[in-house]
Amino acid sequence: PHSRAMLQATLKLCCGIAHDHLRRLPGLKITAVAAIQMDVRELVVRGSRGSPSKISHYIQRLMGKETATCPEPDGDVSPSRFSSVDLSYITQGETALQRALSILQQHTSWQAETLLDAGAAVSSAALPGLGRVFRAEVVLAVPVAQLHQELFERIEQMPQWNPTLSHVKVLQRVGTDTLVTHEVTAPSPGNLVGQRDFVSVRHRGRRETAIYLVGTATHIEPLPLQEGCIRAESRLSCIVLQPLAGDPGCTRLTWLLSMDLKGWIPASVINRVLPQSQADFIKHLRQHLSAATCP
């Protein structure tokens with residue numbers, strides 16, 4: 001039997017290998033890395049029979065044990081529950097979450113951005129490996145659960161209230177906490193950037209009372225058609241939803257965003273467009289929530 005420490009060390013080693021390389025691997029090379037993870041996962045399952053309480057909380061979540069809707073009769077997780085490609089999406093989501101948590105926890109000097117609409121405070125900082133990251137902060141007069149529904153569970157309905165998007169489609173669901181999505185921005189006359197589309201992993205995490213909705217660029221076969229759009233990439237997106245201290249009916253929303261919009265766009269334009277897009281998104285979200293609360 002394998003000790004808990006050995007299982008954790010093995011999984012951390014595997015995730016460490018995936019962390020730096022997985023995002024850069026095109027196409028089905030991701031599957032090769034994920035196959036290693038499958039081996040580790042099976043090792044964890046076999047090594048933990050009879051003592052599931054000794055498996056770390058993180059490993060249980062990675063394997064879907066916490067949220068499994070149909071547990072195996074003997075209480076173990078079936079090794080065939082997720083394919084190797086599915087596991088690669090979960091790992092990309094978890095890696096993005098850990099990266100966002102690291103940014104949120106470090107003492108960074110954020111510089112305020114000037115915006116057309118003061119409905120949200122947006123600031124930015126240059127961070128290693130990501131370039132300029134934008135952070136939007138706002139308090140919304142709705143509970144966390146309602147925002148969570150709008151921003152994760154009902155993600156395909158987003159274009160109905162956000163005119164900057166023309167299409168959002170969930171291409172694949174992996175367990176209960178991971179999605180692969182295709183989003184297309186709406187055409188806008190005079191827009192300096194032009195239409196973009198994104199293929200992303202979206203992953204949900206929880207820490208105490210906060211919900212974390214992270215996203216990062218991924219690859220899926222077959223790739224959705226671009227139809228005249230330039231395919232851009234989300235380096236990292238993380239929306240944190242926390243109940244407001246003293247008023248659980250309100251939510252403090254914090255949104256980290258780093259994107260590679262591709263194409264020949266000067267950095268000065270991108271650094272103006274991204275924080276404004278965050279402010280616009282929050283404005284549309286606030287209007288939608290207001291209409292839903294007071295029809």
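Keep in mind it's a predicted model, so treat the numbers as computed, not measured. (Residues numbered from 1 in each chain as written. Predicted model: local features only at pLDDT ≥ 70, side-chain atom pairs only at ≥ 80, totals over all residues. Heavy atoms only, no water.)

*Asks:* Account for the confidence of the model for the protein chain, naming residues and giving values.
*Replies:* Counting all residues, the mean pLDDT for the protein chain is 79, and 70% of those residues have values of 70 or more. Averaged over each element, pLDDT in the protein chain is lowest for helix α2 (residues 29–47) (42) and highest for strand β7 (residues 210–217) (98). Between residues 10–60, whose pLDDT stays under 50, and residues either more than four places distant or in other chains, the model counts 75 contacts. When the criterion is pLDDT under 50, residues 64–79 qualifies, and its contacts beyond four places in sequence or with other chains add up to 24 contacts. (pLDDT = per-residue confidence, 0-100. Helix = DSSP H or I, 4+ residues; strand = E, 2+ residues; numbered from the N terminus. Contact = heavy atoms within 4.5 Å.)

*Asks:* Could you give an account of helix α4 (residues 84–105), naming the residues involved and the relevant values?
*Replies:* With 22 residues, α4 ought to run about 32 Å at 1.5 Å a step, and its terminal C-alpha atoms sit 31 Å apart, in line with that. In terms of burial, α4 is largely enclosed, as 17 of its 22 residues are buried. (Expected span 1.5 Å × (residues − 1). Buried < 20%, exposed > 50% of the residue type's maximum accessible area, 1.4 Å probe, protein only.)

*Asks:* Explain the side chain of T178 to me, and be specific about the residues and the numbers.
*Replies:* Topologically, T178 is positioned in strand β5 (residues 178–185). Note on T178: relative accessible area 2%, which makes it buried. Side chain to side chain, T178 and H203 meet in a polar contact 2.8 Å long. If we ignore the near neighbours within four places in the chain, the residues touching T178 are Y89, I90, F152, Q172, R173, V201, R202 and H203. (Polar contact = N/O pair within 3.5 Å; in protein donor to acceptor, adjacent residues only side chain to side chain.)

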